[in-house]
Structure formats: C-alpha cells, structure tokens
Amino acid sequence: LTPLRKILTGARQIAKGDFSGRLDIKGLDELGILGKDFNRMVSSLNEYFIDSLAGGWVLLDPHGKIVSVNRGALNIFHCESEDLVGKPHDTLIRILSVNPSLESWVEESLQNKLERSLKELDAVNRDGRHLKLTFSTSQLKDKDDNFAGMAITLKDLTRANEITEKMQRTDKLAALGEMAAGLAHEIRNPLGSIKGLTQLLREELKEGDKAQVYTETMIREIDRLNGVITTLLNFSHPSQNEFRFCDINKLLERALELINVNIDDKSIQIEQVLDPSLPAFWGDDKKLVQAFLNILLNAVQAVNGSGEIVLVTRFDPNHIINEDGLVTGAIIVQIKDSGDPIPSEILPNLFDPFFTTKKDGTGLGLPITHQIVTLHGGTITPLCKNGFTEFNIELPVAEQLGKEPDLEMVQKVSYEV
Ligand SMILES: Nc1ncnc2c1ncn2[C@@H]1O[C@H](COP(=O)(O)OP(=O)(O)OP(=O)(O)O)[C@@H](O)[C@H]1O
Ligand SMILES: [Mg+2]
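The following paragraphs examine the structure supplied in this document. What you see is a predicted model; the values in this text were computed from it and never measured. (Residues numbered from 1 in each chain as written. Chains lettered and ligands numbered in written order. Predicted model: local features only at pLDDT ≥ 70, side-chain atom pairs only at ≥ 80, totals over all residues. Heavy atoms only, no water.)

### Quick look at the site of ligand 1
Phase 1: The local shell around ligand 1 holds 21 residues, among which Thr 356, Thr 357, Lys 358, Thr 362 and Leu 366 are the closest.
Phase 2: Here an oxygen atom of ligand 1 sits 3.0 Å away from a polar atom, N or O, in the main chain of Leu 364.
Phase 3: One nitrogen or oxygen atom from the main chain of Leu 366 is found 2.8 Å from an oxygen atom belonging to ligand 1.
Phase 4: Protein chains bury 88% of the 590 Å² of accessible surface belonging to ligand 1 in isolation.
Phase 5: Where the shell around ligand 1 is concerned, the elements lending two or more residues are α9 (285-303), α10 (365-375) and β12 (388-397).
Phase 6: Residue composition of the shell around ligand 1, by class: nine nonpolar, nine polar and three charged. (Near = heavy atom within 4 Å. Polar contact = N/O pair within 3.5 Å; in protein donor to acceptor, adjacent residues only side chain to side chain. Areas by Shrake-Rupley, 256 points an atom, 1.4 Å probe, with all protein chains shown as cover. Helix = DSSP H or I, 4+ residues; strand = E, 2+ residues; numbered from the N terminus. Nonpolar A, V, L, I, M, F, W, Y, C, P; charged D, E, K, R; others polar.)

Laid out in structure tokens, this is it:
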C-alpha cells in the first residue's frame, strides 16, 4: 500500500470505531511525519476514551502484576500510575484500605479465571475518603483467545449514594421542619408555665429543704429543653441570611475564642495553620462561626481532655465546584482532632438531625453545620487521616456575585455566646 492509501484505510477504520490500528509509514519526509502524527492522534483518542469511561480499570497480567491503570482508577485510589504499574496486585489493597480478604479474592479470581463482582465494598482511599465501590473482575484474552490476565473494574458509588442521601435528607428535613414548628409551639408555652410554677414552689420551700435541690435541677432541665427547642426552631426555620465579605481566618479565630471558654484543661493543644492570603469570602459570618464552633465543640469532646486539635485553611485556586465542570477557587477549612476515629458504621448518620452517641448530645450540631455549609454552596466531608478525625469544608469562592471586596466591610463583629 502506498503511504497515502495507508492513511486513508486507517482513517476509515477509526470512522468505524476501531482504534486498535497503527500505521506503518517509515521515512522522514512529510508523509512519514503525517504517519507519526496520525498514530499519536489514535493513541490520544484511545487514552481519552478509556479514561473517560465511567469508573476505573486496573489490568493485571496472568501473574497478577499490574500492567495498566486508567485515570478513573487513579482518582479512586488517589495516587499516580507509578504507585501501581509494575507492582503486584496486593498493592491495590495496601493503597486502598479495604477488607484484607479482598487480596485472596483477587488471587482466586486470577487463578481460577473467575468473572465476578463485589457490591457496596467499603474502602478508604489515601486521601482518607470513605468510598463505596463495586469491584469486578473479567478475563482478558489475547488475539489467539488465550488467557492474558484480568481486568479489575471499579465503580465509585459514593457520589450516587450521596445524591440519594441528599434527597432523602431534604425530605426528612422538610418533614422535620413542619413537625418542629408545631411541636415548639405546643411545648414552649406549657414549659413556660412549668418553669414559673417550679420557681414558685422553690420559694415556698424552707431554706435547707432537700426538695429545693430538686426544684433547681428541674429548672435547669427545663432551660435545657427550651434550648433544644430554640436550636431546633433555628434549624427548621433558619434566620435571615446576612451576607457580607468575611475573613474566614478571623471567623475561625472567633469560634476558637468561644470554645476556649469551654477548655480549662491545658492538655488540649490547639495548632493553627491559617493561610494569611485567603481571599475574602462572601458569606453569613455569624452562621459560619456557628458552623465552625459546632465542629470545634465536637473535636474538644472527642479528644476528651487531652490531645491535639489542628485548624488549617488554604486556598485552592483550581477547585471544581459543580457537575457542569465549572472551575473556580475554593477556601478549604480543615478541623482535625486526635480523638478516637468516627466508627465507619455511623458515618452515614452523622448529618441526620438528632443522631448522637453522646449522653447529653442533641445531635443537631452537625446537621446545622451541614445546612450552613450548603447555604454557602460548599461541601463538608468527614475524613479519617493519619490518626486524626478531620472535617474538611470546601467553600467555593465563586463570582462573589459580581461584588468587589471592600476591606472596610470585612466584618469584625462580635458574637453572642
Ligand atoms: N470529631 C468527632 N470525633 C468523633 N465523633 C464525632 C466527631 N464529630 C461528631 N462525631 C459523632 O457524630 C455525632 C453527631 O454529632 P453532632 O455534633 O451532630 O451531635 P452531638 O455532638 O452528639 O450533639 P450536639 O452537637 O447537638 O450537642 C456525635 O454524637 C459523635 O458520635
Ligand atoms: Mg456536636
């Protein structure tokens, strides 16, 4: 075949959707260069299609060595191809913390050429993210139909699960909102009279009467109940938003000052790694302080008297914020504590209203925080990383609604405790 004809045949093959062919055109003349460019184009197309397939691929040779990994898999594992390619398949299990029996499952699939799949596999990637994966194996054959290894296909269901959860949460919250407003009304007024009567009762009692202590406890508990109802009302009917340009570092410091009141124990170390060059953030400062405060309170409770709490802020200029692929920057706030990790079985419930594992908890701290972060278009993710429990908050610095930050306006208001 003449070089031109080879190119023509190659182009027709691609038009039919077959990307496997490569042209054999030698020479340093223009046709030779065209042939090389053509092959390069086909390779890029190939990579593009393989990479854009939803999910990840890992190809193993018949001895279980990793020979190729696509971008989707690298994203799931949160590593680069050098970390995997050329290594034995158990590297996958080491990079992705999963049930160790997965290693023998892969080995068995390889030895017996089994095509099978695992659904809803819990895993934690290098970045500390909890994932739900499907994990399947299928045989690879060479052109003579001989066994040439295994393909492992991975699908990250986390996103899909998150969307379902979000929808369920929205339903739950709407129902809760209605219920809360009704309940608050029904409970608050009688509670007011119970408190008044208890106060009267206390006055009737003689000094030193044991029942005085009881009445004091009753009043304290009534106040606590009232507090819960107020929090619940705020949650179901949040106050009006007051957006202004804020300095996220200052808001975190403000939240820290508020919890310092709760820490008398000096064996809690607080470290701050705050990026001084964060851009101003368009948000509701009071609500943001509330959100940070709720996480910090949990952190203080988690370290339980001694341990470390770390606050980190940084700016990520190339943060992808939405599914349309719109790229803007984001302020990343990380609040970490060295307390016991969050058991993975309670992770799905963390943001559910009234979910608590604490004796005196109301389980509204994280749902309120979630609500506030969502109000600002952000995301909040619990992570478990290097011995720390981390809440990672990503706040997109979008167009800032066309406003230019006026530094005078960056708030330094005071907050009520
Ligand atoms: N930093 C953390 N470390 C370990 N577990 C945590 C942490 N933060 C939250 N949790 C878990 O999540 C649960 C829900 O937290 P949330 O703040 O919503 O409620 P709470 O702290 O129990 O009560 P409240 O905040 O209303 O006083 C907690 O009970 C706890 O089990
Ligand atoms: Mg809490």
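There's plenty left to go through after this.
### Brief notes about the nonpolar core
Phase 1: Core analysis: the largest hydrophobic core is formed by 45 residues, its most contacted members being Ile 248 and Phe 292.
Phase 2: The element that contributes the greatest number of residues to this core is α9, accounting for 10 residues.
Phase 3: A domain split of this core shows at least three residues from each of domain 3 (161-236) and domain 4 (243-409).
Phase 4: Core analysis: the second largest hydrophobic core is formed by 27 residues, Ala 73, Leu 102, Leu 121 and Phe 135 among them. (Core = buried A, V, L, I, M, F, W, Y, C linked by side-chain atoms within 4.5 Å. Buried < 20%, exposed > 50% of the residue type's maximum accessible area, 1.4 Å probe, protein only. Domains from an automatic or database assignment.)

### Notes on the packing of α9 against α10
Phase 1: Here α9 crosses α10 at 145°, and the two axes come no closer than 9 Å. In this structure, the crossing between α9 and α10 has a hand that is left-handed. From α9, Lys 287, Leu 288, Gln 290, Ala 291, Asn 294, Ile 295 and Asn 298 reach across to α10, where they touch Gly 365, Leu 366, Ile 368, Thr 369, Ile 372 and Leu 375.
Phase 2: Of the residues that constitute the contact of α9 with α10, the class distribution is seven nonpolar, five polar and one charged. (Axes fitted to C-alpha atoms, helices over the stretch in contact; angles between N-to-C directions. Left-handed = near helix turned anticlockwise from the far one by under 90°. Contact = heavy atoms within 4.5 Å.)

### Thoughts on helix α8 (residues 248-260)
Phase 1: Between its terminal C-alpha atoms α8 stretches 18 Å, which fits the 18 Å expected from 13 residues at 1.5 Å a residue.
Phase 2: Of all the positions in α8, only Ile 248, Asn 249, Leu 251, Leu 252, Arg 254, Ala 255, Leu 256, Leu 258 and Ile 259 are classed as buried.
Phase 3: The opening residue of α8, the one whose side-chain oxygen lies 3.0 Å from the backbone nitrogen of Asn 249, is Asp 247. (Expected span 1.5 Å × (residues − 1).)

### Looking at the pairing of strand β1 (residues 56-60)
Phase 1: Of all five residues that make up β1, four are buried, and the element is covered over most of its length.
Phase 2: Across three bridges, the pairing between β1 and strand β2 (residues 66-69) is antiparallel. In the strand pairing of β2, Leu 60 is matched with Ile 66.
Phase 3: Between β1 and β2, which pair antiparallel one after the other, the connecting turn spans five residues, and Gly 64 there sits at a positive phi close to 90°. (Pairing = 2+ DSSP bridges.)

### Here we look at the pairing of strand β4 (residues 130-141)
Looking along a regular strand, one sees side chains alternate from face to face of the sheet.
Phase 1: Here strand β3 (residues 117-124) pairs with β4 via six bridges, running antiparallel. If you follow Leu 121 over to β4, its bridge partner there is Leu 133.
Phase 2: Connecting β3 to the antiparallel partner β4 that follows it, the hairpin turn spans five residues, and Gly 128 within it adopts a positive phi of roughly 85°.
Phase 3: Pairing between β4 and strand β5 (residues 147-156): nine bridges, direction antiparallel.

### As for unusual backbone geometry
Phase 1: The phi torsion at His 78 lies on the positive side, around 60°, for a residue other than glycine.
Phase 2: If you trace the backbone, His 78 turns up in the loop between α3 (71-77) and α4 (90-95).
Phase 3: Positive phi outside glycine occurs at Phe 354, with the angle close to 70°.
Phase 4: With respect to the secondary-structure elements, Phe 354 resides in the loop between β10 (327-337) and α10.

### Side note on helix α5 (residues 101-111)
Phase 1: Buried within α5 are the following residues: Leu 102, Trp 105, Val 106, Ser 109 and Leu 110. All buried residues of α5 lie within an arc of 130° about the axis, which places them on one face of the element.
Phase 2: Structurally, α5 contributes buried residues whose contacts are with β1, α4, β3, β4 and β5.
Phase 3: One or two positions beyond α5, positive phi appears at Lys 113, with a value near 50°. (Arc of directions from axis to C-beta.)

### Focus: the environment of Val 98
Phase 1: Looking at the secondary structure, you find Val 98 in the loop between α4 and α5.
Phase 2: With a relative accessible area of 14%, Val 98 lands in the buried category.
Phase 3: With 23 residues separating them along the chain, Val 98 and Leu 121 place their C-alpha atoms 7.8 Å apart.
Phase 4: Not counting the four nearest positions on each side in its chain, Val 98 is found in contact with Ile 93, Leu 121, Asp 122 and Ala 123.

### Comments concerning the pattern of salt bridges
Phase 1: In the structure shown here, the tally under the stated rule is 14 salt bridges.
Phase 2: Note that Glu 394 and Arg 129 form a salt bridge whose closest N and O atoms lie 3.8 Å from each other. With Glu 394 in strand β12 and Arg 129 in the loop between β3 and β4, this pair connects stretches of sequence that are 265 residues apart.
Phase 3: Residues joined by salt bridges that share partners form a network here, namely Asp 127, Arg 129, Lys 385 and Glu 394. (Salt bridge = Lys/Arg side-chain N within 4 Å of Asp/Glu carboxyl O.)

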